[in-house]
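Here's the letter readout for the chains.
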Amino acid sequence: MTKVLVTGGAGFIGSNLVIELVNKGYQVTVIDDLSMGIKANLTEVWDKITFYEHDVCDHAFMHQILDENFDYIYYLAAVSSVADSVVRPYETHQVNLESVVDTLEYLRVRDLHPKKFLFTSSAAVYGNYPELPKREDSRVQPLTPYAIDKYAAERYTIDYGTLYGLKTVAVRFFNVFGPRQNPNSPYSGVLSIVTKCLLDDEEFTLYGDGSQTRDFIYVKDIVNALIFISEKQESNDVYNIGYGHQTALLDVIRQYERVAGKDLEITFADRRAGDIAESLADVARLTELGFKPQWGLEKGLEEYWEYIK
Ligand code: UD2
């Protein structure tokens, strides 16, 4: 039976991934300290997984788990909020970089060879440098503790492949939305906040004029891409995961209003400091690998609304 480890498996993307892996019949072990994730995200698969409520920075614990010799390791555990990383730079560093390097190092010294070690990074590594679309070899400009550690951990992930023969891959998420995304912080994914406002008839604060663009991607396409990439032979590379389309925030809100059959009450406020004007992934590398998204923005919004309403 295929054995899989998912760190951060109770979080937004992690839980969606775990559910799909369980549906595929894999034996899934989840490590999550529930600092961002919640057990309720895993309710539907709870009886089928092994769950450890534990911090990935506890190296001795991680080593014990890694000795189980997994076929696939998906590394999603992280301080996942950029804002949080600015408030807690050193803790972020321990979680977002040190724990990853320790895991890679343990695999190396113990001569453990998962079919793939997949590390999840972010479009945040590209920073504010105005060049679109973002190719994997575009200039990076990590501007926050979050982005710096994500970029460094990507490099370690790739280098443990090229230097020591581990099969590794890193991915850069663009703007992910869908079920189980927590809307409760101002820095939560904007579509989770829009969803909550639509549901509860609350006013939505739009920072800026709504012309800022993002490459929004539905979480089920993210999950499919993660599984697809990890199960391919190709290793030791980094992949953008987005749709390769940019949509203005106001346009995606209008589209969502049509899906929900409701109007959103919008208050406009000043653009946020550091907010990027445009974001768009070049997804040629992922496409060339053979990946095709199944959902897309419109279908994603429809399914998300169906799930939540
Ligand atoms: C995303 C990531 C962030 C970092 C960044 C790198 C998420 C949730 N955030 O930030 O971690 O990787 O990319 O570029 O994936 N907005 C509103 N009202 C709200 C909330 C947001 O108008 O209540 C705006 C916000 O100012 C921005 C846009 O919506 O212009 C998208 O915001 P976001 O926080 O969902 O994502 P982003 O791209 O700023």
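Please read all numbers here as calculations on a predicted model, not as lab measurements. (Residues numbered from 1 in each chain as written. Predicted model: local features only at pLDDT ≥ 70, side-chain atom pairs only at ≥ 80, totals over all residues. Heavy atoms only, no water.)

**Digging into the layout of surface pockets**
Thought 1: Size it by volume and the second largest pocket reaches roughly 210 Å³.
Thought 2: Forming the walls of the second largest pocket are Asn16, Ile19, Glu20, Asn23, Glu44, Pro179, Arg180, Lys220, Val223, Asn224, Trp295 and Tyr307.
Thought 3: For the lining of the second largest pocket, the secondary-structure elements that each account for two or more residues are α1 (12-23) and α7 (219-231).
Thought 4: For the lining of the second largest pocket, the leading source of residues is α1, giving four residues.
Thought 5: Here the lining of the second largest pocket is built from residues that sort into five nonpolar, three polar and four charged. (1 Å grid on protein atoms, 1.4 Å probe; cavity = no way out; pocket = protein on both sides within 12 Å on 5 of 7 lines; lining within 4 Å. Points joined across faces, edges and corners; volume = space filled by probe spheres on them. Helix = DSSP H or I, 4+ residues; strand = E, 2+ residues; numbered from the N terminus. Nonpolar A, V, L, I, M, F, W, Y, C, P; charged D, E, K, R; others polar.)

**Regarding helix α2 (residues 59-66)**
One turn of an α-helix holds 3.6 residues; hence residues three or four places apart share an orientation.
Thought 1: If you check which residues of α2 are buried, you get Phe61, Met62, Ile65 and Leu66. Taken end-on, α2 shows its buried residues confined to a sector of 135°, consistent with a single buried face. Among the exposed residues of α2, those oriented more than 90 degrees off its buried face are Ala60 and Gln64.
Thought 2: Those residues of α2 that are buried lie in contact with β1 (3-7), β2 (27-32), β3 (50-53), β4 (72-75) and α4 (89-109). (Buried < 20%, exposed > 50% of the residue type's maximum accessible area, 1.4 Å probe, protein only. Arc of directions from axis to C-beta. Contact = heavy atoms within 4.5 Å.)

**Some thoughts on the site of the ligand**
Thought 1: Taken together, 20 residues lie around the ligand, and Val190, Thr205, Tyr207, Arg214 and Asp275 are the ones closest in.
Thought 2: A distance of 2.7 Å is found between an oxygen atom of the ligand and a backbone nitrogen or oxygen belonging to Val190.
Thought 3: The side chain of Arg214 places a nitrogen or oxygen atom 2.5 Å from an oxygen atom of the ligand.
Thought 4: Elements supplying a minimum of two residues to the shell around the ligand: α6 (190-200) and β8 (204-207).
Thought 5: The element contributing the most residues to the shell around the ligand is β8, with four residues.
Thought 6: For the shell around the ligand, the per-class residue count stands at eleven nonpolar, six polar and three charged.
Thought 7: Each of two domains, domain 1 (3-175 + 218-241) and domain 2 (178-215 + 244-308), supplies a minimum of three residues to the shell around the ligand. (Near = heavy atom within 4 Å. Polar contact = N/O pair within 3.5 Å; in protein donor to acceptor, adjacent residues only side chain to side chain. Domains from an automatic or database assignment.)

**Some points on the domain arrangement of the chain**
Thought 1: Structurally, the chain comprises domain 1 (3-175 + 218-241) and domain 2 (178-215 + 244-308).
Thought 2: Spacing between the C-alpha centres of domain 1 and domain 2 amounts to 23 Å.
Thought 3: The interface of domain 1 with domain 2 comprises 31 residues on the first partner and 28 residues on the second.
Thought 4: Here domain 1 packs against domain 2, burying approximately 2700 Å² in sum over the two surfaces, 59% of which is carbon and sulfur.
Thought 5: Summed over the shared surface of domain 1 and domain 2, the result is three salt bridges.
Thought 6: With its nearest N and O atoms 3.0 Å apart, the salt bridge here joins Arg285 to Asp237.
Thought 7: If you look at where domain 1 meets domain 2, you find 15 residue pairs in polar contact (both at pLDDT 80 or more).
Thought 8: Among the secondary structure elements, those contributing two or more residues to the side of domain 1 that touches domain 2 are α1, α7 and β11 (237-241).
Thought 9: The dominant element in the side of domain 1 that touches domain 2, judged by the number of residues it contributes, is α7, at seven residues. (Buried area = accessible area lost by both parts, 1.4 Å probe. Salt bridge = Lys/Arg side-chain N within 4 Å of Asp/Glu carboxyl O.)

**What about empty space enclosed by the protein?**
Thought 1: Using the criterion set out here, one finds one cavity of 30 Å³ or more in the structure.
Thought 2: As a volume, the largest cavity reaches approximately 30 Å³.
Thought 3: Residues of the lining of the largest cavity, tallied by class, amount to six nonpolar, one polar and no charged.

**Regarding unusual backbone geometry**
Thought 1: Omega for the peptide link from Leu132 to Pro133 comes to -10°, which places this bond in the cis form.
Thought 2: Among the structural elements, Pro133 can be located in the loop between β5 (116-122) and α5 (145-164).
Thought 3: For Asp111, which is not a glycine, the phi torsion comes out positive at approximately 55°.

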